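# Survey of secondary and tertiary structure
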Amino acid sequence: MSMDKEMQDSFAMFYGMSQSLKGLVEPVDMEDEERVRKAKQVFLNKANRDTAINLEACVRCGLCAEACQFYIASEDPKYTPIAKLDLMKRVYQRELSPFRWLHRIFTPDITIGDLREFQPKVFDECTMCGRCSMICPMGIDIAEMVHTSREAMVEAGLMPSELDYMCREQDGEGTIFGANEELLNFRLNDLKEKHGVEIFVDKPGSDVMMLTSGLDIHLFTDALLGTIRTLDHLKVNWTLCSHAFEAANFGLLAGSDKTQKHITMRIVDAATEMGVKTVLTPECGHTYPAMRWAAAEISGKPLPFEVMTVSEFFGRQVMEGKLKLKKIPGDKVVTLHDPCKVGRHGGVFDEPRAIIKELGLKLNETESNRELNFCCGGGAGNFLVQSAAPVRKLGFQTKMKEVNKTGAEALLVSCGSCRLNFEAGKLNTGDTIQVDSIAALVGENLPD
Ligand code: SF4
Ligand code: SF4
(Lines give C-alpha, C1' and ligand atoms only; values in the text may rest on other atoms or scores of the structure.)
(Ligands and ions follow the chains in the order given, each with its own letter.)
Protein backbone atom coordinates (compact mmCIF):
# COMPACT_ATOMS: atom_id res chain seq x y z
CA MET A 1 0.00 0.00 0.00
CA SER A 2 1.48 3.36 -0.94
CA MET A 3 1.02 6.34 1.39
CA ASP A 4 -2.55 7.64 1.19
CA LYS A 5 -3.34 11.36 1.34
CA GLU A 6 -3.71 11.35 5.13
CA MET A 7 -0.36 9.64 5.58
CA GLN A 8 1.31 11.93 3.04
CA ASP A 9 0.10 14.96 5.02
CA SER A 10 1.28 13.37 8.27
CA PHE A 11 4.60 12.58 6.64
CA ALA A 12 5.09 16.19 5.51
CA MET A 13 4.29 17.42 9.02
CA PHE A 14 6.35 14.79 10.82
CA TYR A 15 9.32 15.10 8.50
CA GLY A 16 9.29 18.88 8.88
CA MET A 17 9.19 18.50 12.66
CA SER A 18 11.99 15.93 12.65
CA GLN A 19 14.22 18.25 10.66
CA SER A 20 13.73 21.23 12.96
CA LEU A 21 15.38 20.02 16.14
CA LYS A 22 18.73 21.70 15.70
CA GLY A 23 19.43 24.32 18.33
CA LEU A 24 16.33 23.60 20.41
CA VAL A 25 18.47 22.81 23.44
CA GLU A 26 21.26 24.90 24.93
CA PRO A 27 24.72 23.51 24.17
CA VAL A 28 26.43 21.89 27.16
CA ASP A 29 28.54 24.44 29.01
CA MET A 30 31.91 22.92 29.90
CA GLU A 31 35.55 23.97 29.96
CA ASP A 32 37.57 22.55 27.08
CA GLU A 33 40.01 20.73 29.39
CA GLU A 34 37.06 19.10 31.12
CA ARG A 35 35.65 17.91 27.77
CA VAL A 36 38.96 16.31 26.87
CA ARG A 37 39.34 14.74 30.31
CA LYS A 38 35.84 13.26 30.22
CA ALA A 39 36.22 11.90 26.69
CA LYS A 40 39.52 10.25 27.59
CA GLN A 41 37.97 8.76 30.70
CA VAL A 42 35.28 7.05 28.60
CA PHE A 43 37.89 5.56 26.27
CA LEU A 44 39.87 4.31 29.26
CA ASN A 45 36.82 2.97 31.12
CA LYS A 46 35.63 1.06 28.07
CA ALA A 47 39.02 -0.36 27.16
CA ASN A 48 39.33 -4.10 27.65
CA ARG A 49 41.18 -7.02 26.08
CA ASP A 50 38.94 -6.95 22.96
CA THR A 51 39.50 -3.22 22.48
CA ALA A 52 43.25 -3.70 22.69
CA ILE A 53 43.18 -6.54 20.16
CA ASN A 54 40.88 -4.55 17.86
CA LEU A 55 43.06 -1.46 17.99
CA GLU A 56 46.28 -3.39 17.43
CA ALA A 57 45.02 -5.78 14.75
CA CYS A 58 44.43 -3.55 11.72
CA VAL A 59 46.57 -4.58 8.73
CA ARG A 60 45.52 -1.51 6.70
CA CYS A 61 44.00 -3.58 3.91
CA GLY A 62 41.34 -0.95 3.19
CA LEU A 63 38.50 -3.46 2.84
CA CYS A 64 36.42 -1.66 5.45
CA ALA A 65 36.35 1.43 3.23
CA GLU A 66 35.05 -0.61 0.32
CA ALA A 67 32.28 -1.92 2.57
CA CYS A 68 31.04 1.48 3.70
CA GLN A 69 28.04 3.00 1.97
CA PHE A 70 29.51 6.50 2.23
CA TYR A 71 32.90 5.61 0.79
CA ILE A 72 31.32 3.59 -2.01
CA ALA A 73 29.22 6.55 -3.15
CA SER A 74 31.98 9.15 -2.86
CA GLU A 75 35.34 7.32 -2.95
CA ASP A 76 36.41 9.95 -0.45
CA PRO A 77 39.03 8.51 1.94
CA LYS A 78 37.64 10.65 4.75
CA TYR A 79 34.90 8.01 5.11
CA THR A 80 37.38 5.19 5.81
CA PRO A 81 35.81 3.36 8.77
CA ILE A 82 38.94 2.45 10.71
CA ALA A 83 40.08 6.09 10.68
CA LYS A 84 37.08 6.90 12.90
CA LEU A 85 38.85 5.11 15.74
CA ASP A 86 41.94 7.29 15.65
CA LEU A 87 41.17 9.21 18.86
CA MET A 88 40.38 6.05 20.76
CA LYS A 89 43.55 4.46 19.44
CA ARG A 90 45.71 7.39 20.50
CA VAL A 91 44.32 7.31 24.03
CA TYR A 92 44.88 3.56 24.16
CA GLN A 93 48.42 3.84 22.79
CA ARG A 94 49.48 6.60 25.17
CA GLU A 95 47.80 5.26 28.30
CA LEU A 96 47.46 1.49 28.08
CA SER A 97 49.51 -0.15 25.34
CA PRO A 98 52.70 -2.06 26.19
CA PHE A 99 54.65 0.61 24.26
CA ARG A 100 53.02 3.56 25.98
CA TRP A 101 56.41 4.97 27.02
CA LEU A 102 57.25 5.27 23.30
CA HIS A 103 53.82 6.51 22.22
CA ARG A 104 53.96 9.27 24.81
CA ILE A 105 56.92 10.63 22.84
CA PHE A 106 55.59 10.19 19.29
CA THR A 107 51.77 9.99 19.50
CA PRO A 108 50.08 13.33 20.20
CA ASP A 109 47.61 13.52 23.07
CA ILE A 110 44.02 14.29 22.06
CA THR A 111 42.85 17.89 22.18
CA ILE A 112 39.57 19.78 22.08
CA GLY A 113 40.30 20.45 18.40
CA ASP A 114 40.49 16.70 17.79
CA LEU A 115 37.19 16.13 19.57
CA ARG A 116 35.44 18.77 17.51
CA GLU A 117 36.97 17.42 14.30
CA PHE A 118 35.87 13.87 15.12
CA GLN A 119 32.33 14.72 16.18
CA PRO A 120 30.93 14.50 12.62
CA LYS A 121 33.07 11.44 11.86
CA VAL A 122 31.37 9.37 14.56
CA PHE A 123 27.89 10.89 14.24
CA ASP A 124 27.07 12.26 10.78
CA GLU A 125 29.42 9.98 8.87
CA CYS A 126 28.65 6.65 10.52
CA THR A 127 25.33 4.92 11.10
CA MET A 128 26.98 2.12 13.10
CA CYS A 129 25.53 -0.20 10.48
CA GLY A 130 28.28 -2.77 11.09
CA ARG A 131 28.92 -3.61 7.43
CA CYS A 132 32.60 -2.71 7.77
CA SER A 133 32.88 -4.90 10.88
CA MET A 134 31.39 -7.77 8.88
CA ILE A 135 33.90 -7.39 6.05
CA CYS A 136 37.07 -6.76 8.07
CA PRO A 137 39.34 -9.83 7.73
CA MET A 138 40.72 -9.17 11.22
CA GLY A 139 37.25 -9.16 12.77
CA ILE A 140 37.61 -5.62 14.09
CA ASP A 141 34.26 -4.41 15.40
CA ILE A 142 34.50 -0.87 14.11
CA ALA A 143 30.81 -0.07 14.63
CA GLU A 144 30.98 -1.01 18.30
CA MET A 145 33.98 1.21 18.84
CA VAL A 146 32.30 4.07 16.98
CA HIS A 147 29.56 3.65 19.57
CA THR A 148 32.16 4.04 22.32
CA SER A 149 33.44 7.15 20.56
CA ARG A 150 29.89 8.52 20.56
CA GLU A 151 29.75 7.87 24.30
CA ALA A 152 32.97 9.84 24.70
CA MET A 153 31.45 12.74 22.74
CA VAL A 154 28.31 12.64 24.88
CA GLU A 155 30.36 12.83 28.08
CA ALA A 156 32.33 15.71 26.58
CA GLY A 157 29.05 17.54 25.91
CA LEU A 158 29.53 17.28 22.16
CA MET A 159 26.47 15.29 21.08
CA PRO A 160 24.69 16.80 18.02
CA SER A 161 21.97 19.05 19.36
CA GLU A 162 19.19 17.10 17.62
CA LEU A 163 20.12 13.90 19.44
CA ASP A 164 20.65 15.84 22.65
CA TYR A 165 17.09 17.15 22.29
CA MET A 166 15.72 13.62 21.81
CA CYS A 167 17.64 12.27 24.81
CA ARG A 168 16.47 15.12 27.01
CA GLU A 169 12.86 14.56 25.92
CA GLN A 170 13.12 10.84 26.66
CA ASP A 171 14.82 11.49 30.00
CA GLY A 172 12.39 14.20 31.01
CA GLU A 173 8.98 13.41 29.52
CA GLY A 174 9.66 9.78 28.63
CA THR A 175 8.32 10.46 25.13
CA ILE A 176 9.48 10.66 21.53
CA PHE A 177 8.13 13.64 19.60
CA GLY A 178 5.58 14.19 22.35
CA ALA A 179 3.89 10.81 21.80
CA ASN A 180 2.58 10.41 25.35
CA GLU A 181 -0.10 8.19 26.84
CA GLU A 182 -2.86 10.59 25.83
CA LEU A 183 -1.75 10.56 22.19
CA LEU A 184 -1.38 6.79 22.27
CA ASN A 185 -4.95 6.44 23.55
CA PHE A 186 -6.21 8.84 20.90
CA ARG A 187 -4.49 6.79 18.18
CA LEU A 188 -5.70 3.46 19.55
CA ASN A 189 -9.29 4.68 19.82
CA ASP A 190 -9.09 6.02 16.29
CA LEU A 191 -7.89 2.64 14.99
CA LYS A 192 -10.60 0.89 16.98
CA GLU A 193 -13.35 3.11 15.61
CA LYS A 194 -12.19 3.04 12.01
CA HIS A 195 -11.08 -0.59 11.77
CA GLY A 196 -12.90 -2.42 14.56
CA VAL A 197 -9.73 -3.88 16.09
CA GLU A 198 -9.62 -4.99 19.70
CA ILE A 199 -7.23 -2.96 21.82
CA PHE A 200 -5.68 -4.06 25.09
CA VAL A 201 -3.87 -1.73 27.47
CA ASP A 202 -2.55 -2.79 30.88
CA LYS A 203 -4.42 -6.09 30.61
CA PRO A 204 -3.47 -8.34 33.55
CA GLY A 205 -2.35 -11.88 32.79
CA SER A 206 -1.13 -11.06 29.26
CA ASP A 207 1.46 -13.27 27.58
CA VAL A 208 2.84 -10.66 25.21
CA MET A 209 3.69 -7.04 25.94
CA MET A 210 3.72 -5.14 22.69
CA LEU A 211 5.77 -1.98 22.28
CA THR A 212 5.12 0.74 19.74
CA SER A 213 6.93 3.95 18.85
CA GLY A 214 6.31 7.66 18.49
CA LEU A 215 6.97 7.20 14.79
CA ASP A 216 4.14 4.68 14.42
CA ILE A 217 1.77 6.64 16.68
CA HIS A 218 2.33 9.86 14.72
CA LEU A 219 2.95 8.60 11.23
CA PHE A 220 3.15 4.92 10.33
CA THR A 221 -0.20 4.02 11.79
CA ASP A 222 -0.58 1.29 9.16
CA ALA A 223 2.27 -0.64 10.83
CA LEU A 224 0.64 -0.23 14.24
CA LEU A 225 -2.73 -1.29 12.85
CA GLY A 226 -1.21 -4.27 11.01
CA THR A 227 0.47 -5.48 14.18
CA ILE A 228 -2.71 -5.19 16.25
CA ARG A 229 -4.88 -6.82 13.59
CA THR A 230 -2.50 -9.74 13.27
CA LEU A 231 -2.14 -10.27 17.01
CA ASP A 232 -5.94 -10.24 17.32
CA HIS A 233 -6.24 -12.64 14.37
CA LEU A 234 -3.72 -15.03 15.94
CA LYS A 235 -5.63 -14.78 19.24
CA VAL A 236 -2.45 -13.76 21.01
CA ASN A 237 -3.02 -12.76 24.63
CA TRP A 238 -1.39 -9.34 24.27
CA THR A 239 -1.34 -5.90 25.82
CA LEU A 240 0.32 -2.53 25.60
CA CYS A 241 1.58 -0.99 28.82
CA SER A 242 0.37 2.58 29.38
CA HIS A 243 3.60 3.67 31.06
CA ALA A 244 6.11 1.65 29.02
CA PHE A 245 5.00 1.53 25.40
CA GLU A 246 7.73 3.57 23.69
CA ALA A 247 10.28 1.30 22.04
CA ALA A 248 12.71 3.86 20.60
CA ASN A 249 15.82 4.38 22.69
CA PHE A 250 17.73 7.51 21.77
CA GLY A 251 20.24 6.72 24.49
CA LEU A 252 21.45 3.73 22.48
CA LEU A 253 21.48 5.69 19.23
CA ALA A 254 23.25 8.76 20.57
CA GLY A 255 25.65 6.99 22.92
CA SER A 256 24.08 8.26 26.14
CA ASP A 257 24.42 5.49 28.73
CA LYS A 258 22.17 7.33 31.15
CA THR A 259 19.24 7.63 28.73
CA GLN A 260 19.72 4.12 27.41
CA LYS A 261 19.53 2.62 30.91
CA HIS A 262 16.54 4.68 31.93
CA ILE A 263 14.47 3.77 28.85
CA THR A 264 15.52 0.14 28.92
CA MET A 265 14.73 -0.38 32.58
CA ARG A 266 11.30 1.20 32.21
CA ILE A 267 10.38 -1.56 29.78
CA VAL A 268 12.16 -4.34 31.65
CA ASP A 269 10.49 -3.37 34.95
CA ALA A 270 7.03 -3.10 33.38
CA ALA A 271 7.33 -6.43 31.55
CA THR A 272 8.67 -8.14 34.66
CA GLU A 273 5.90 -6.74 36.82
CA MET A 274 3.25 -7.86 34.33
CA GLY A 275 4.84 -11.29 34.14
CA VAL A 276 4.69 -11.46 30.34
CA LYS A 277 6.48 -14.20 28.45
CA THR A 278 7.38 -12.09 25.42
CA VAL A 279 8.18 -8.46 24.70
CA LEU A 280 7.28 -7.72 21.10
CA THR A 281 9.26 -4.87 19.59
CA PRO A 282 7.68 -2.91 16.73
CA GLU A 283 9.15 -2.03 13.35
CA CYS A 284 11.93 -0.08 15.02
CA GLY A 285 15.34 -1.52 14.16
CA HIS A 286 17.54 -0.41 17.04
CA THR A 287 15.00 -1.46 19.67
CA TYR A 288 15.78 -5.06 18.83
CA PRO A 289 19.41 -5.14 20.06
CA ALA A 290 18.52 -2.64 22.79
CA MET A 291 16.02 -5.07 24.27
CA ARG A 292 17.30 -8.42 23.12
CA TRP A 293 20.92 -8.11 24.29
CA ALA A 294 21.74 -4.79 25.90
CA ALA A 295 18.75 -4.97 28.27
CA ALA A 296 20.06 -8.08 30.04
CA GLU A 297 23.48 -6.48 30.42
CA ILE A 298 21.91 -3.32 31.84
CA SER A 299 19.68 -5.34 34.19
CA GLY A 300 22.68 -7.34 35.32
CA LYS A 301 20.77 -10.61 34.95
CA PRO A 302 18.96 -12.67 32.32
CA LEU A 303 15.61 -11.23 31.23
CA PRO A 304 12.55 -13.13 32.50
CA PHE A 305 10.95 -12.84 29.04
CA GLU A 306 11.98 -13.37 25.45
CA VAL A 307 12.28 -10.51 22.99
CA MET A 308 11.07 -10.72 19.41
CA THR A 309 10.56 -8.15 16.72
CA VAL A 310 7.28 -8.07 14.87
CA SER A 311 8.55 -9.35 11.49
CA GLU A 312 10.29 -12.20 13.32
CA PHE A 313 7.18 -13.07 15.35
CA PHE A 314 4.81 -13.08 12.38
CA GLY A 315 7.38 -14.79 10.13
CA ARG A 316 7.76 -17.64 12.59
CA GLN A 317 3.99 -18.06 12.73
CA VAL A 318 4.02 -18.34 8.94
CA MET A 319 6.92 -20.81 8.97
CA GLU A 320 5.11 -22.97 11.52
CA GLY A 321 1.94 -22.93 9.41
CA LYS A 322 -0.03 -21.01 12.07
CA LEU A 323 -0.46 -17.84 10.03
CA LYS A 324 -1.94 -18.04 6.54
CA LEU A 325 -2.16 -14.93 4.40
CA LYS A 326 -4.14 -13.99 1.32
CA LYS A 327 -2.09 -13.94 -1.85
CA ILE A 328 -1.61 -10.47 -3.29
CA PRO A 329 -2.73 -10.69 -6.92
CA GLY A 330 -0.80 -9.47 -9.95
CA ASP A 331 2.58 -11.25 -9.73
CA LYS A 332 3.95 -8.23 -7.94
CA VAL A 333 7.76 -8.01 -7.73
CA VAL A 334 9.20 -6.64 -4.50
CA THR A 335 12.57 -6.26 -2.89
CA LEU A 336 13.46 -6.33 0.78
CA HIS A 337 15.52 -4.07 3.01
CA ASP A 338 17.03 -5.94 5.96
CA PRO A 339 17.38 -3.26 8.67
CA CYS A 340 20.97 -3.39 9.97
CA LYS A 341 20.05 -3.90 13.62
CA VAL A 342 17.45 -6.58 12.95
CA GLY A 343 19.29 -8.31 10.12
CA ARG A 344 23.07 -8.03 10.31
CA HIS A 345 23.09 -7.63 14.10
CA GLY A 346 20.05 -9.75 14.94
CA GLY A 347 20.05 -12.51 12.30
CA VAL A 348 16.37 -12.08 11.40
CA PHE A 349 16.47 -12.97 7.70
CA ASP A 350 14.29 -16.00 6.99
CA GLU A 351 11.18 -14.71 8.75
CA PRO A 352 10.44 -11.66 6.56
CA ARG A 353 11.20 -13.76 3.48
CA ALA A 354 8.69 -16.37 4.63
CA ILE A 355 6.06 -13.63 4.90
CA ILE A 356 6.83 -12.37 1.40
CA LYS A 357 6.48 -15.89 0.01
CA GLU A 358 3.22 -16.45 1.88
CA LEU A 359 1.85 -13.22 0.38
CA GLY A 360 2.54 -14.61 -3.10
CA LEU A 361 5.01 -11.85 -3.92
CA LYS A 362 8.07 -12.39 -6.06
CA LEU A 363 11.19 -11.34 -4.17
CA ASN A 364 14.06 -9.92 -6.20
CA GLU A 365 16.92 -9.61 -3.76
CA THR A 366 19.30 -6.66 -3.88
CA GLU A 367 22.80 -7.73 -4.90
CA SER A 368 23.97 -7.18 -1.31
CA ASN A 369 21.45 -8.79 0.98
CA ARG A 370 21.07 -10.42 4.37
CA GLU A 371 24.33 -9.87 6.37
CA LEU A 372 25.72 -7.63 3.65
CA ASN A 373 22.62 -5.55 3.09
CA PHE A 374 23.35 -1.82 2.85
CA CYS A 375 22.03 0.61 5.46
CA CYS A 376 19.27 3.02 4.39
CA GLY A 377 21.80 5.80 5.04
CA GLY A 378 20.02 7.40 7.99
CA GLY A 379 20.40 4.87 10.81
CA ALA A 380 21.62 5.49 14.37
CA GLY A 381 19.55 8.66 14.69
CA ASN A 382 21.27 10.33 11.72
CA PHE A 383 17.95 10.87 9.98
CA LEU A 384 17.35 13.71 12.47
CA VAL A 385 20.73 15.41 12.27
CA GLN A 386 20.75 18.33 9.85
CA SER A 387 24.49 18.35 9.24
CA ALA A 388 24.28 14.66 8.26
CA ALA A 389 22.00 15.40 5.29
CA PRO A 390 24.70 15.32 2.57
CA VAL A 391 26.14 12.09 3.96
CA ARG A 392 22.67 10.51 4.23
CA LYS A 393 22.27 11.27 0.57
CA LEU A 394 25.43 9.30 -0.22
CA GLY A 395 24.17 6.31 1.75
CA PHE A 396 20.79 6.52 0.09
CA GLN A 397 22.49 6.59 -3.31
CA THR A 398 24.44 3.41 -2.55
CA LYS A 399 21.30 1.69 -1.35
CA MET A 400 19.01 2.82 -4.16
CA LYS A 401 21.48 1.81 -6.85
CA GLU A 402 20.97 -1.79 -5.77
CA VAL A 403 17.24 -1.40 -5.12
CA ASN A 404 16.61 0.04 -8.58
CA LYS A 405 18.55 -2.79 -10.23
CA THR A 406 16.04 -5.31 -8.85
CA GLY A 407 13.25 -3.86 -10.98
CA ALA A 408 10.92 -4.20 -7.98
CA GLU A 409 7.68 -2.22 -7.72
CA ALA A 410 7.92 -2.01 -3.96
CA LEU A 411 10.58 -1.98 -1.28
CA LEU A 412 9.50 -3.77 1.89
CA VAL A 413 10.91 -2.69 5.24
CA SER A 414 10.43 -3.67 8.86
CA CYS A 415 11.88 -0.55 10.49
CA GLY A 416 10.05 2.77 10.76
CA SER A 417 13.27 4.82 10.78
CA CYS A 418 14.48 3.14 7.59
CA ARG A 419 11.05 3.72 6.08
CA LEU A 420 11.14 7.40 7.05
CA ASN A 421 14.61 7.71 5.60
CA PHE A 422 13.56 6.05 2.34
CA GLU A 423 10.54 8.34 2.01
CA ALA A 424 12.68 11.40 2.76
CA GLY A 425 15.38 10.22 0.35
CA LYS A 426 12.77 9.81 -2.38
CA LEU A 427 11.69 13.42 -1.90
CA ASN A 428 15.26 14.55 -2.47
CA THR A 429 16.18 12.33 -5.40
CA GLY A 430 12.93 11.80 -7.26
CA ASP A 431 13.02 8.01 -6.79
CA THR A 432 9.48 6.70 -6.94
CA ILE A 433 9.55 3.16 -5.59
CA GLN A 434 6.72 2.36 -3.20
CA VAL A 435 7.96 1.69 0.34
CA ASP A 436 5.81 -0.65 2.41
CA SER A 437 5.77 -1.87 5.98
CA ILE A 438 5.83 -5.65 6.38
CA ALA A 439 3.58 -5.51 9.47
CA ALA A 440 1.06 -3.42 7.54
CA LEU A 441 1.07 -5.85 4.60
CA VAL A 442 0.51 -8.80 6.91
CA GLY A 443 -2.40 -7.04 8.64
CA GLU A 444 -4.00 -6.09 5.33
CA ASN A 445 -3.88 -9.63 3.98
CA LEU A 446 -5.23 -11.75 6.79
CA PRO A 447 -7.70 -14.41 5.69
CA ASP A 448 -11.40 -13.56 6.16
S1 SF4 B 1 39.21 -3.97 6.97
FE2 SF4 B 1 39.98 -4.29 9.05
S3 SF4 B 1 42.15 -4.74 8.79
FE4 SF4 B 1 41.46 -3.85 6.85
S5 SF4 B 1 41.87 -1.62 7.07
FE6 SF4 B 1 39.77 -1.94 7.76
S7 SF4 B 1 39.93 -2.26 9.98
FE8 SF4 B 1 42.00 -2.53 9.13
S1 SF4 C 1 28.49 3.57 8.23
FE2 SF4 C 1 28.60 1.35 8.54
S3 SF4 C 1 30.20 0.65 7.14
FE4 SF4 C 1 30.45 2.88 7.33
S5 SF4 C 1 31.91 3.14 9.00
FE6 SF4 C 1 29.92 3.21 9.95
S7 SF4 C 1 29.52 1.10 10.60
FE8 SF4 C 1 31.18 1.03 9.12
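This one's a predicted model, so the numbers in the text were calculated from it and none came from an experiment.

### A closer look at the nonpolar core
The biggest cluster of nonpolar side chains holds 59 residues, and the ones touching the most others in it are Leu115, Met153, Leu219, Phe250 and Leu420. Ranked by residues supplied to this core, first place goes to helix α10 (residues 142–155) with seven residues. Other than its neighbours up to four places away in sequence, Phe250 contacts Leu163, Met166, Cys167, Gln170, Ile176, Gly255 and Leu384. Within the second largest apolar cluster, 42 residues are counted, among which are Leu188, Trp238, Val334 and Ala439.

### A closer look at the domain arrangement of the chain
Per the domain assignment, the segments of the chain are domain 1 (32–158), domain 2 (174–313) and domain 3 (317–444). When each unit is reduced to the centre of its C-alpha atoms, the spacing between domain 2 and domain 3 is 21 Å. Across the contact, 26 residues belong to domain 2 and 28 residues belong to domain 3. A combined buried area of about 2300 Å² lies between domain 2 and domain 3, and 67% of that area is made up of carbon and sulfur atoms. Our count for the contact surface shared by domain 2 and domain 3 stands at one salt bridge.

### Observations concerning the packing of aromatic side chains
This structure, assessed with the given rule, holds seven aromatic pairs. Judged by centre distance (5.6 Å) and plane angle (5 degrees), the rings of Phe11 and Tyr15 are stacked. One end of the pair is Phe11 and the other is Tyr15, both in helix α1 (residues 5–18) and four residues apart, which spans about a single turn. Taking 5.7 Å as the distance between ring centres and 85 degrees as the angle between the ring planes, the aromatic pair formed by Tyr288 and Trp293 counts as edge-to-face. On the accessibility criterion, Tyr288 (0% relative accessible area) is buried. A relative accessible area of 41% places Trp293 in the partly exposed class. The side chain of Lys121 reaches across the aromatic face of Phe118, ending 5.7 Å from its centre. Positioned above the aromatic ring of Phe374, the side-chain terminus of Arg131 is 3.8 Å from the ring centre.

### Some words on the site of ligand 1
Lining the immediate environment of ligand 1, one finds 13 residues, of which Cys58, Cys61, Gly62, Cys64 and Cys136 sit closest. The residue makeup of the shell around ligand 1, split by class, is 11 nonpolar, one polar and one charged.

### A few points about helix α20 (residues 389–405)
Along an α-helix, residues three or four positions apart point the same way, because every turn accommodates 3.6 residues. For α20, built from 17 residues, the straight-helix expectation of 24 Å at 1.5 Å per residue is met to within 8% by its first-to-last C-alpha distance of 24 Å. For α20, the elements touching its buried residues are α5 (69–74), β5 (333–336), β7 (410–413) and α21 (416–429). Immediately beyond the C-terminal end of α20, within one or two residues, lies Gly407, with a positive phi of roughly 70 degrees.

### Let's talk about the site of ligand 2
Around ligand 2, the neighbouring residues are Cys68, Gln69, Phe70, Pro81, Lys84, Cys126, Thr127, Met128, Cys129, Gly130, Cys132 and Ala143. Of the residues in the shell around ligand 2, the class split is eight nonpolar, three polar and one charged.

### Focus on a nonpolar patch on the surface
Taken together, the side chains of Phe99, Trp101, Leu102, Ile105 and Phe106 make up a nonpolar region of the molecular surface, amounting to roughly 610 Å² of accessible area. Looking at where Phe99 falls in the secondary structure, it is placed in the loop between α6 (86–95) and α7 (100–106).

### Here's the deal with the packing of helix α8 (residues 112–122) against α10
At a closest axis distance of 10 Å, the pairing of α8 and α10 adopts a crossing angle of 135 degrees. In terms of orientation, α8 lies oblique with respect to α10. Where α8 crosses over α10, the two elements pack in a sense that is left-handed. Here Leu115, Phe118, Gln119 and Val122 of α8 come into contact with α10, specifically with Val146, Ser149, Arg150 and Met153. Residues of the contact of α8 with α10, tallied by class, amount to five nonpolar, two polar and one charged.

### Digging into the sheet that holds strand β1 (residues 208–210)
Taken in spatial order, the four strands of this open sheet run β2-β1-β3-β4, and their pairing is parallel. Looking at strand neighbours, the two that pair on one side only are β2 (238–240) and β4 (306–309), the edges of this open sheet. Across the sheet, the mean angle from the axis of one strand to that of its neighbour is 30 degrees, orientation sign disregarded. Relative to the sheet, helix α14 (residues 221–233) contacts β1, β2 and β3 (278–281), its axis offset from that of β1 by approximately 165 degrees. Here helix α17 (residues 287–299) sits on the sheet and contacts β3 and β4; the angle it forms with β4, its principal contact strand, is near 165 degrees.

### A look at the sheet that holds β7
As summarised here, the arrangement of the four strands in space is β6-β5-β7-β8, forming an open sheet in which the pairing is parallel. Among the strands making up the open sheet, the edge pair consists of β6 (362–363) and β8 (434–437). Two elements, β7 and β8, share four bridges in a ladder whose sense is parallel. The partner of Leu411 across the bridge, within β8, is Val435. Running over the sheet, helix α19 (residues 350–358) touches β5, β6 and β7 and is turned about 170 degrees from β5.

### As for the side chain of Ser368
The residue Ser368 is located in the loop between β6 and α20 in this model. A distance of 3.5 Å separates the side chain of Ser368 from the side chain of Arg131, its partner in a polar contact. Side-chain polar atoms of Ser368 contact the side chain of Glu402, separated by 2.7 Å.

### What about the environment of Glu246?
Inspection of the secondary structure assignment puts Glu246 in the loop between β2 and α15 (250–254). A relative accessible area of 2% places Glu246 in the buried class. With near-sequence residues (within four places) excluded, Glu246 lies in contact with Gln170, Ile176, Thr212, Ser213, Gly214, Arg266 and Ile267. From its side chain, Glu246 meets the backbone nitrogen of Ala248 in a polar contact 3.0 Å long.

What counts and what doesn't
- Residues numbered from 1 in each chain as written.
- Chains lettered and ligands numbered in written order.
- Predicted model: local features only at pLDDT ≥ 70, side-chain atom pairs only at ≥ 80, totals over all residues.
- Heavy atoms only, no water.
- Core = buried A, V, L, I, M, F, W, Y, C linked by side-chain atoms within 4.5 Å.
- Buried < 20%, exposed > 50% of the residue type's maximum accessible area, 1.4 Å probe, protein only.
- Helix = DSSP H or I, 4+ residues; strand = E, 2+ residues; numbered from the N terminus.
- Contact = heavy atoms within 4.5 Å.
- Domains from an automatic or database assignment.
- Buried area = accessible area lost by both parts, 1.4 Å probe.
- Salt bridge = Lys/Arg side-chain N within 4 Å of Asp/Glu carboxyl O.
- Phe/Tyr/Trp six-rings, centres within 6.5 Å; stacked < 30°, edge-to-face > 60°.
- Lys NZ or Arg CZ within 6 Å of the ring centre and 35° of its normal.
- Near = heavy atom within 4 Å.
- Nonpolar A, V, L, I, M, F, W, Y, C, P; charged D, E, K, R; others polar.
- Expected span 1.5 Å × (residues − 1).
- Patch = residues over 30% accessible without salt bridge, like charges linked within 9 Å, V, L, I, M, F, W, Y side chains within 5 Å.
- Areas by Shrake-Rupley, 256 points an atom, 1.4 Å probe, with all protein chains shown as cover.
- Axes fitted to C-alpha atoms, helices over the stretch in contact; angles between N-to-C directions.
- Parallel < 35°, antiparallel > 145°, perpendicular 65-115°, else oblique.
- Left-handed = near helix turned anticlockwise from the far one by under 90°.
- Pairing = 2+ DSSP bridges.
- Polar contact = N/O pair within 3.5 Å; in protein donor to acceptor, adjacent residues only side chain to side chain.

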